[in-house]
Structure formats: C-alpha cells, structure tokens
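# Close look at the chain arrangement
Each chain, letter by letter, is given below.
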Amino acid sequence: PTGWHVPSNVEWSTLIDYLDPNASGGDSYPNSAGGHMKSTSGWDSPNEGATNESGFTGLPGGFRDFDGPYNYIGRHGFWWSSTAFDNTGAWHRELYFNDTNVFRQDLLKQFGFSVRCVRD
C-alpha cells in the first residue's frame, strides 16, 4: 500500500540483529531471534522458544510451491525480502515451529511466501 514497502534484506538483518546481536541477520546458528519473532499461538507444538517479545507476531503461513500445492502451514513461516539474490531468486527469512532460530535463505521467486510490509 502507499506509504509502505516490503523490507529489504538489510532491513530484515537490522531487525534480527537487534533481537539477537549474534544472529548475523539470520546467517549464524544457533540464534534466539526467531523465538522473539514468533507468535505464542497458532504454531504446531512445540513452538520452541516463542515469546513474541518483538511484537512481530510471526505466524506459520507455510508457502505455496511453484507448481501449486501449499506446504508447512502451521509448521513454518516464510517471508520475502525485496532484495534479489540473482535474476531468478530473492532473499527471504524462515521461522520453524521446532526451533528458536531465524534463517536467511535465497530461493526462486516462483515460490509463494508471505510478505510483511514496513512503513516508509
């Protein structure tokens, strides 16, 4: 929407490193940033380390595979960044029901992930 944007890879890293200075934007494991970002409800058990201390209230929307089916709803959350990795891929962040980590990965843009907008 007007006045909002999909966060860049750098903006994601800034949030994650604020939550856990040792997380390296989601590249270092273990880290606790994922637990601080996850909602305390809505996830499959055990929803490891979920505190939502950040107010992000990350929910496990799973993803839509490039050929149509939906996967991991209730177990994993995936959010795009606006930063391309190359011509076919972009950076995203992942949260898992059984982990406190947040992960940074690159994947094909054909996948359907959630987006979280940030106010300009």
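Side-chain pairs of opposite charge can arise whenever the charged atoms involved come near each other. A full pass over the atoms with the stated rule returns 2 salt bridges. Put simply, Asp-27 and Arg-104 hold a salt bridge, and the shortest N to O gap is 2.9 Å. Of the two residues, Asp-27 sits in the loop between α1 (9-19) and α2 (33-37) while Arg-104 sits in strand β6 (residues 102-108), which places them 77 residues apart along the sequence. Of the residues examined, Arg-104 reaches a relative accessible area of 18% and is grouped as buried.

Among the structural elements, Asn-101 can be located in the loop between β5 (89-96) and β6. Owing to a relative accessible area of 7%, Asn-101 belongs among the buried residues under this scheme. Remark: the alpha-carbon pair of Asn-101 and Leu-19, spanning 82 residues in sequence, is separated by 11 Å. From its side chain, Asn-101 meets the backbone nitrogen of Asn-31 in a polar contact 2.5 Å long. Within the local environment of Asn-101, its side chain forms a polar contact with the side chain of Asp-99, the two groups lying 2.4 Å apart.

The biggest cluster of nonpolar side chains holds 12 residues, and these are Trp-12, Ile-16, Leu-19, Ala-23, Ala-33, Met-37, Trp-43, Phe-56, Trp-79, Leu-95, Phe-97 and Val-102. Those elements that provide at least two residues to this core are α1 and α2. At 3 residues, α1 tops the list of elements feeding residues into this core. Discounting residues that sit within four places of it in the chain, Phe-56 has contacts with Trp-12, Leu-15, Met-37, Trp-79 and Arg-116. Phe-63, Trp-80, Phe-111 and Phe-113 belong to the second largest nonpolar core, which has 6 residues in total.

Looking now at the environment of Pro-46. Checked against the element boundaries, Pro-46 lands in the loop between α2 and β2 (63-64). Aside from chain neighbours lying at most four places away, what touches Pro-46 is Phe-97 and Asn-98.

Spatially, β4-β5-β6 is the arrangement adopted by the 3 strands of the open sheet, whose pairing is antiparallel. In this open sheet, the two edge strands, each paired with only one partner strand, are β4 (76-84) and β6. Averaged over all pairs of adjacent strands, the angle between strand axes in this sheet comes to 30°, irrespective of strand direction. With 7 bridges joining them, β5 and β6 adopt antiparallel strand pairing. In the sheet register, Arg-93 faces β6, and the bridge partner there is Arg-104.

Below, the discussion takes up the packing of aromatic side chains. Taken as a whole, this structure holds 13 aromatic pairs when the rule is applied. Aromatic pair Tyr-29 and Phe-103: ring centres 4.7 Å apart, planes at 40°, arrangement tilted. Pair noted here: Tyr-29 is in the loop between α1 and α2 and Phe-103 is in strand β6, with a separation of 74 residues, a long-range link. With a relative accessible area of 12%, Phe-103 lands in the buried category. Aromatic pair Phe-63 and Phe-113: ring centres 6.0 Å apart, planes at 85°, arrangement edge-to-face. With Phe-63 in strand β2 and Phe-113 in the loop between β6 and β7 (118-119), this residue pair connects regions lying 50 residues apart in the sequence.

Reading the values: the criteria
Residues numbered from 1 in each chain as written. Predicted model: local features only at pLDDT ≥ 70, side-chain atom pairs only at ≥ 80, totals over all residues. Heavy atoms only, no water. Salt bridge = Lys/Arg side-chain N within 4 Å of Asp/Glu carboxyl O. Helix = DSSP H or I, 4+ residues; strand = E, 2+ residues; numbered from the N terminus. Buried < 20%, exposed > 50% of the residue type's maximum accessible area, 1.4 Å probe, protein only. Polar contact = N/O pair within 3.5 Å; in protein donor to acceptor, adjacent residues only side chain to side chain. Core = buried A, V, L, I, M, F, W, Y, C linked by side-chain atoms within 4.5 Å. Contact = heavy atoms within 4.5 Å. Pairing = 2+ DSSP bridges. Axes fitted to C-alpha atoms, helices over the stretch in contact; angles between N-to-C directions. Phe/Tyr/Trp six-rings, centres within 6.5 Å; stacked < 30°, edge-to-face > 60°.

Spatial relationships are all this shows, so hold off on functional conclusions.
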